[in-house]
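Report on the structure
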Amino acid sequence: MLLTAIKASELSKRYGKVKAVDEVTFEVKRGSVFGFLGPNGAGKSTTQRILTGVVYPDGGSVEIMGESMLRHPVRAKKRLGVVPEQANVYADLTAWENLMFIGEIYNVDKQVSLRRAEENLELFGLYERRNYKTRGFSRGMKQRLLLCMALMNDPDILFLDEPTSGLDVESKQLIRQMIKSYNAAGKTVFLTTHDIEEANQLCDEIAIINKGKIAVIDSPFNLRQSISRFQSLQVTFDRAPSNEYLLKELYGVESVKRQGDSYVLYSQQPGKVIPSLGDFAEKEGLEIVSVNTQQPSLEEVFLYFIGKQDEVIDYT
Amino acid sequence: MDGLKEELIASTRRTLAVSRKNARIYYVKPPVIIFGLLFPFVMFLAFAIGRGIEPALLTPRILGVTVLFTASSVGPLIAPWERMMKTYERLLTAPVSLWNIIVGDIISGFLFGLLIALVPLVLGLLFFDAVLISPLLLFFALLLAGLCFSALGSLMSALPTELPANVMMLANLVRFPLLFISGIFIPWEEMPNWVQLLAYLSPLTYAVDLFRWSFGEGNNFQPGVSCILLVLFTALFICWAKWAHQNGIKKMY
């Protein structure tokens, strides 16, 4: 059985003088949720457009379930379901007509098409609106319909580009739930997102792309482990210390950030900070209300790998 | 062999699905109604009123104008409209080839042109004493002219823009001069030599010539020659459209 769902090798794409994608190479395991993160203009969407056959790369190759996207695009695209970032449903067609059209161009059997359309519309809470033209749909409804469309051919790989961006909480939850259950059925999901927490919740593996190059690929847990300098100790006192600047003088503390009514003390060895923290509280006449050690957040990992680690820590 | 046959059937189904989608969405869009329906009607009035032209002679010329404008009005709208509405990228991610999209667009423009052309044809036969000498030739003439002008429309839609108005402007820039060099407003015999030379480059010349022949008027070319030239123009426009769309996609994405 094929173990690799997507294989991207040395992908390059240049727009004028700008290298949007620069020798990008990675593999996505079959049955995994792969997160693709990066700041604006990092090359996320261009990479996804190359993978889904919209953009022709200047160099490199793409294999989708073993099919070459460049040599046999139609064969490769049959295996995909795609929700592009800048995409829309046909506003002049009803939700039902949109789905039937997708069923036709993917050559889905008519009876199967009818069944899937009904099931997916029910699942995404759009069945009652199936005969309405989609021009009157809200952004969340359109996004849900785009997902229904992407599922019409029961794809092996689902490409989602910012699927929950700008949506209400209910739509976000619905889409995340769908991603989880789709993945639980053994399908592969390629998720491009800005939402780091979403990636953290959903992804088995995350790639961070910056300035067209892959900065790192690993599991969310390993990524957090990999930057020990962002381990921290979150402490809350019964009142604000009058000499809070002294916190960064404590043994092992590299920097301090104020977060609401508590302080985050960054240290590579947070356990060793605790005794000196007790001394500090006693000297200042403070009571420690709570102390927690923290792994770096994925947001901190992200900023670190895109070279903006200084923005993680707001020195007091 | 069976695999090839299956793929051919699947590809035809995709093309027809694209055509059906186009028909549902674009036949009633304002630019199509304005430039595909109202425009030929206005041209007809401008041409016919007060010029003392024998009514029977009007029909083949009006057919020419109608087929040109209607068949070429749907194509230029589809791609830029879909780029503007952000549905084009969705289509590009689907297992449809560029051929499926282009041929699908051409079929929808062709059918629209054919359907609307029936209106002046029926009116001409019923109210303008037009006498149809060769229905078979007229059928082929409508078929070839419709395909040719629809392919021309698809070629123009390759302009890499998200603004349908830009393509419609280009379309009119191409279609208007064709009216004046193709023997519709100015009879072939009255054209200066240099305009006659240009007329050879216009597919409308051969379409109108075939329509005139069908209605028993004198003609300038043998019908077989006109048919072959229309086929060649169609092939040229389709191949050019494929090349231009491919380049347009590279520029836009």
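Residues numbered from 1 in each chain as written. Chains lettered and ligands numbered in written order. Predicted model: local features only at pLDDT ≥ 70, side-chain atom pairs only at ≥ 80, totals over all residues. Heavy atoms only, no water.

1. Observations concerning the interface of chain B and chain A
Every contact between the two is made by 29 residues of chain B and, on the other side, 32 residues of chain A. Three residues stand out in chain B for area buried against chain A, namely R90(B), T93(B) and P95(B), and they jointly supply 25% of the buried area on that side. Between chain B and chain A we count 4 salt bridges in total. Between R49(A) and E89(B) there is a salt bridge, and its shortest N-O distance comes to 2.7 Å. Where chain B meets chain A, there are 10 residue pairs in polar contact (both at pLDDT 80 or more). If you list the elements that add at least two residues to the side of chain B that touches chain A, you get α1 (2–26), α3 (55–85), α4 (88–92) and α10 (223–252) of chain B. At 10 residues, α1(B) tops the list of elements feeding residues into the side of chain B that touches chain A. Considering only residue class, the side of chain B that touches chain A consists of 13 nonpolar, 4 polar and 12 charged. (Contact = heavy atoms within 4.5 Å. Buried area = accessible area lost by both parts, 1.4 Å probe. Salt bridge = Lys/Arg side-chain N within 4 Å of Asp/Glu carboxyl O. Polar contact = N/O pair within 3.5 Å; in protein donor to acceptor, adjacent residues only side chain to side chain. Helix = DSSP H or I, 4+ residues; strand = E, 2+ residues; numbered from the N terminus. Nonpolar A, V, L, I, M, F, W, Y, C, P; charged D, E, K, R; others polar.)

2. Remarks on unusual backbone geometry
A positive phi angle is found at D154(A), which is not glycine, with a value near 45°. Positioned with a positive phi, E162(A) is a non-glycine residue whose angle comes to about 50°.

3. Let's talk about the state of the cysteines
Residue and element names in this part refer to chain B. What the rule picks out here adds up to 0 disulfides over all chains. Take C148: it sits in no disulfide, and the sulfur closest to it among the cysteines is that of C227, at 12 Å. Under the relative-accessibility criterion, C148 is labelled buried at 0%. We classify C227 as buried; its relative accessible area is 18%. (Disulfide = S-S within 2.5 Å. Buried < 20%, exposed > 50% of the residue type's maximum accessible area, 1.4 Å probe, protein only.)

4. Observations regarding the pairing of strand β13 (residues 262–266) of chain A
Residues and elements named next belong to chain A. In terms of residue burial, β13 counts as a mostly covered element, since 5 of its 5 residues are buried. In β13, alternate side chains face the same way, and those of S262, V264 and Y266 on one face and Y263 and L265 on the other are all buried. Across 5 bridges, the pairing between strand β11 (residues 232–237) and β13 is antiparallel. Across the sheet, residue V235 finds its bridge partner in β13, namely Y263. Looking at chain direction, strand β12 (residues 255–259) and β13 are connected through 5 bridges and run antiparallel. (Pairing = 2+ DSSP bridges.)

5. Re the packing of helix α5 (residues 139–151) of chain A against helix α6 (residues 169–184) of chain A
Residue and element names in this part refer to chain A. Interhelical geometry of α5 versus α6 gives an angle of 15° and a closest axis separation of 10 Å. In terms of orientation, α5 lies roughly parallel with respect to α6. Here α5 and α6 pass one another in a crossing that is left-handed. On α6, the residues that touch G140, Q143, R144, L147 and L151 of α5 are S171, L174, I175, M178 and Y182. Per-class residue counts for the contact of α5 with α6 are 6 nonpolar, 3 polar and 1 charged. (Axes fitted to C-alpha atoms, helices over the stretch in contact; angles between N-to-C directions. Parallel < 35°, antiparallel > 145°, perpendicular 65-115°, else oblique. Left-handed = near helix turned anticlockwise from the far one by under 90°.)

6. Observations regarding the confidence of the model for chain A
Residues with a pLDDT of 70 or more make up 96% of chain A, whose mean pLDDT is 89. Within the model, pLDDT remains below 50 along residues 312–316 of chain A, and this stretch shows 20 contacts once partners closer than five positions in the same chain are excluded. (pLDDT = per-residue confidence, 0-100.)

7. Description of the nonpolar core
Within the largest apolar cluster, 160 residues are counted, with the highest numbers of intra-cluster contacts made by I64(A), I105(A) and L145(A). When residues in this core are grouped by element, the largest group, 13 residues, is from α3(B). Excluding residues that lie within four positions of it along the chain, L145(A) makes contacts with V89(A), A95(A), N98(A), L99(A), L121(A), L126(A), T134(A) and F137(A). Grouped together as the second largest cluster of nonpolar side chains are 14 residues, F237(A), V253(A), Y263(A) and L277(A) included. (Core = buried A, V, L, I, M, F, W, Y, C linked by side-chain atoms within 4.5 Å.)

8. Focus on the sheet that holds strand β14 (residues 288–294) of chain A
Residues and elements named next belong to chain A. Strand order in this open sheet of 4 strands is β12-β13-β11-β14, and the pairing throughout is antiparallel. On the outer flanks of this sheet lie β12 and β14, each paired with one strand and no other. In this sheet, adjacent strand axes meet at a mean angle of 20° when their direction is disregarded. Here helix α9 (residues 274–284) sits on the sheet and contacts β11, β13 and β14; the angle it forms with β11, its principal contact strand, is near 20°.

9. Quick notes on the pattern of salt bridges
Residues and elements named next belong to chain A. Scanning the entire structure with this criterion turns up 21 salt bridges over all chains. Residues E244 and R258 are paired through a salt bridge, measuring 3.5 Å at the closest nitrogen-oxygen approach. With a gap of 14 residues between them, E244 in the loop between β11 and β12 and R258 in strand β12 connect regions that are remote in the sequence. Overall, the relative accessible area of 42% leaves R258 in the partly exposed class.

10. What to know about the environment of L265(A)
All names here are of chain A. Within the secondary structure, L265 sits in strand β13. Considering only alpha carbons, one finds L265 and L247, 18 residues apart in sequence, at a separation of 7.8 Å. Those residues in contact with L265 that lie beyond four places of it in its chain are Q231, S232, L233, V235, L247, L250, V253, S255, V256, V273 and L277.

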